[in-house]
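Below are the chains, spelled out letter by letter.
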Amino acid sequence: MIVETRGIVLQESPIREKDKRLLIYTKDFGKIVCFAKNVRKRNVAVASVLSYSDLRLFQNRDSYQLIEGTVLKSFEHVKEDIFSLSYAMYLLEFISYVGKEELENKKLLKLLIYGINAIEKNKINLDVIKSVFDLKLLQILGFEPDLSACIHCGSNERVYFSAIDGGSICSMCKHSKDMVSIDEGSLAVMEHILRLDIEGLFSFDLKEGVRQKFTDIIDIYVKVHIDYKFKTLEFLKSI
Ligand SMILES: [Zn+2]
């Protein structure tokens, strides 16, 4: 059966000389495995990592075959810089890990495209883009932290954050083992991100002081909820 959808290539691997196996995150079918034949002759741009395209596919029982596509965005500026590319690859890796096969989630695709677009525009600090993406993704996946009050007693004082318990904690309730101190700036940024639609997410940058604290907290939050070692983060640490 021939189907039409839109999607972004998360991974590509060559098969023999002419063909490729692609992992694509699509608007209508979630994550799919798609084979592209004779890619040197046709579909060169479509069958490349980061290419976001309108796609015409042949649907087999457990995979797809690329017939043709029209590239909507190829994010060329992202590819010009090793850091930009590495952060973009991190977003792709995260979606590869949490995206489900044959289960569409249009929010995941939208968040991914907006995130890569923010990297492409090169106006916001890359760590900020990563952490904004992380927090919104965790919210979409159902791990929204509760920051409205102390999660144990309801007090308005919010001076600690527990990733395991999933929220803010007051100075009287120090039960959580993994508590880290949190400041008003980081709390405000997190609340802002949780309230924003995906369209408005990548519209602000953060000064260094707030940025460090905020990105550290989000890193811990991801580690607690996502049991996966990101290859792209290992690579980023090494360069
Ligand atoms: Zn409390």
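Residues numbered from 1 in each chain as written. Predicted model: local features only at pLDDT ≥ 70, side-chain atom pairs only at ≥ 80, totals over all residues.

Draft legend 1. Highlighting the overall build of the protein. A count of helical and extended segments in the protein gives seven helices and eight strands. Compactness check: the protein gives a C-alpha radius of gyration of 20 Å against a globular reference of 18 Å for 239 residues, within 12% of the reference. Principal-axis analysis of the C-alpha atoms places the extent of the protein at approximately 65 × 35 × 30 Å. When the 239 residues of the protein are sorted by exposure, 36% land in the buried category. (Helix = DSSP H or I, 4+ residues; strand = E, 2+ residues; numbered from the N terminus. Rg over C-alpha atoms; globule rule 2.2 N^0.38 Å. Buried ≥ 20, exposed ≤ 12 C-beta atoms within 10 Å, placed from the backbone.)

Draft legend 2. Representation of the packing of helix H1 (residues 82–98) against helix H2 (residues 106–121) in the model. Where H1 contacts H2, the axes come no closer than 10 Å and their chain directions differ by 175°. Relative to H2, the element H1 is oriented roughly antiparallel. Between H1 and H2, the residues in contact are Ser 84, Tyr 87, Ala 88, Leu 91 and Ile 95 and Leu 108, Leu 112, Gly 115, Ile 116 and Ile 119, respectively. Tallied by class, residues from the contact of H1 with H2 come to eight nonpolar, two polar and no charged. (Axes fitted to C-alpha atoms, helices over the stretch in contact; angles between N-to-C directions. Parallel < 35°, antiparallel > 145°, perpendicular 65-115°, else oblique. Contact = placed C-beta atoms within 7 Å. Nonpolar A, V, L, I, M, F, W, Y, C, P; charged D, E, K, R; others polar.)

Draft legend 3. View of the domain arrangement of the protein. Domain annotation of the protein identifies domain 1 (2–73) and domain 2 (79–150 + 153–238). The C-alpha centroid of domain 2 is placed 29 Å from the C-alpha centroid of domain 1. Listed per partner, the contact involves 13 residues of domain 1 and 16 residues of domain 2. Mapped by element, the contributors of at least two residues to the side of domain 1 that touches domain 2 are strand S1 (2–15), strand S2 (19–26) and strand S3 (30–36). Residues that form the side of domain 1 that touches domain 2 fall into these classes: eight nonpolar, two polar and three charged. (Domains from an automatic or database assignment.)

Draft legend 4. Focus on the nonpolar core. Counting residues in hydrophobic clusters, the biggest one holds 63 residues, and the most contacted among them are Ile 8, Ile 24, Ala 88, Leu 91, Leu 112 and Ile 116. The greatest single-element share of this core, amounting to nine residues, is contributed by H2. Taken domain by domain, the makeup of this core includes at least three residues from each of domain 1 (2–73) and domain 2 (79–150 + 153–238). Beyond its immediate chain neighbours, meaning those up to four positions away, Ala 88 contacts Leu 50, Phe 75, Val 78, Ile 116 and Ile 119. (Core = buried A, V, L, I, M, F, W, Y, C linked by C-beta atoms within 7 Å.)

Draft legend 5. Fine view of the pairing of S1. Both S1 and strand S4 (residues 52–59) contribute to a ladder of seven bridges, which runs antiparallel. Note on S4: the bridge partner recorded for Ile 2 is Phe 58. Note that S1 and S2 share eight bridges and pair antiparallel. Bridge pairing in S2 places Gly 7 opposite Thr 26. Between S1 and S2, which pair antiparallel and follow one another directly, the connecting turn spans three residues, one of which, Arg 16, has a positive phi of 50°. (Pairing = 2+ DSSP bridges.)

Draft legend 6. Spotlight on the sheet that holds S2. The strand order around the closed barrel built from five strands is S1-S2-S3-S5-S4, with neighbouring strands paired in mixed fashion. Adjacent strand axes in the sheet meet at a mean angle of 50°, parallel and antiparallel pairs treated alike. Across the face of the sheet, H1 comes into contact with S1 and S2 while running at roughly 110° to S1.

Draft legend 7. Structural view of the pairing of S3. Burial analysis of S3 places five of its seven residues in the buried class, which makes it a mostly covered element. Pairing geometry for S2 and S3, over seven bridges, is antiparallel. Bridging across to S3, Ile 24 finds its partner in Ile 32. The loop that links S2 with its antiparallel partner S3 comprises three residues. Looking at chain direction, S3 and strand S5 (residues 64–73) are connected through two bridges and run parallel. Within S5, the position partnered with Cys 34 by the bridge is Tyr 64.

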